[in-house]
Amino acid sequence: SGAVVDACSLVAVVVRKIGLNNFSSMMHSLQRTPPFLAALKPKKHRSKRTQHSIPFQLYSEAFAQFVAAHADGTQRKLVQVYLTRQVAGATSLAEDVADHFKDLIKMQDSEVKQLKGENNDLKLEVEKMARSALTAESHRLLEKLQVLEQRVEVADAEVADLTAQVEARTLELESVLARS
C-alpha cells in the first residue's frame, strides 16, 4: 500500500507474529547454516570440502555479508524498542527480557562451542597435512639416498677394476724391465 512503517510498528508485528525470542533464535540459526557460512566466504577461500557439501549457492555473498553485518545491531534495536514499548505500557517485561538474554547467551555459547570444534578439526587437518608433507619429503630423500648408494657401489666396482688393471700393468712393466 506504500505506507511508511515506523520501528515501533515493525517491532509490534515481529513480537505479535513471531515473538522476539523466536526471531533472535531464527537469526542465529540462519547464521549457522552451512549455505549461509559458505556464502560468507569468498569463493577463492572456500575449501573443497565446503564446495562439495553444498551443491548450489543458496545465498548470495552480498546478502550473507549484509545479514552478518546488521544482525546483532538489528536485534539490539528490536530489544531496545521492545523494552521502550514495554516500559511505556507498564507491562511486566522482566521475565521476557531475562528469557531473551538467556536464550541469546545459550545460542552464543553453542556457537562458540561449534567454532571451537571446527577450529580443533582444522588444527588436526593441518597437522595431518604437515605429517603427510614430511613423509613425502622423507620418501623422496630416501629414494635419492638409494640412487646415490647405487652410484657409490658402481664407482667402487670401477675403482677395484681399475686398481686390478693398474696392478696387472705394473707387474707387466716390472717383468719387461726385469728382462731388459
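Residues numbered from 1 in each chain as written. Predicted model: local features only at pLDDT ≥ 70, side-chain atom pairs only at ≥ 80, totals over all residues. Heavy atoms only, no water.

*Asks:* In this structure, what is going on with the confidence of the model for the protein chain? I would like to understand it.
*Replies:* In regions of low pLDDT, the predicted coordinates are not meant to be interpreted in detail. Averaged over all residues, the pLDDT of the protein chain equals 81, while 82% of them reach at least 70. Helix α4 (residues 48-53) is the least confidently modelled element of the protein chain, averaging 56 in pLDDT, while helix α6 (residues 94-179) averages 88, the highest of any element. (pLDDT = per-residue confidence, 0-100. Helix = DSSP H or I, 4+ residues; strand = E, 2+ residues; numbered from the N terminus.)

*Asks:* For this particular structure, what's the right way to read the nonpolar core?
*Replies:* Across soluble globular proteins, you tend to see nonpolar side chains buried next to one another. Val11, Leu20, Phe23, Met27, Phe36, Val67 and Leu78 are the most contacted members of the largest nonpolar core, which has 15 residues in total. The contacts of Phe36, once residues within four sequence positions are left out, are Leu30, Gln31, Tyr59, Phe63, Ala64, Val67 and Ala68. (Core = buried A, V, L, I, M, F, W, Y, C linked by side-chain atoms within 4.5 Å. Buried < 20%, exposed > 50% of the residue type's maximum accessible area, 1.4 Å probe, protein only. Contact = heavy atoms within 4.5 Å.)

*Asks:* What is the right way to read helix α2 (residues 20-32) from this model?
*Replies:* The periodicity of an α-helix, 3.6 residues per turn, causes residues three or four places apart in sequence to face the same way. When the terminal C-alpha atoms of α2 are compared, their 19 Å separation across 13 residues agrees well with the 18 Å that a helix rising 1.5 Å per residue should span. Within α2 the residues assigned to the buried category are Leu20, Phe23, Ser24, Met27, His28, Leu30 and Gln31. Considered in projection along α2, the buried side chains sweep an arc of 160 degrees and stay on one side of the axis. (Expected span 1.5 Å × (residues − 1). Arc of directions from axis to C-beta.)

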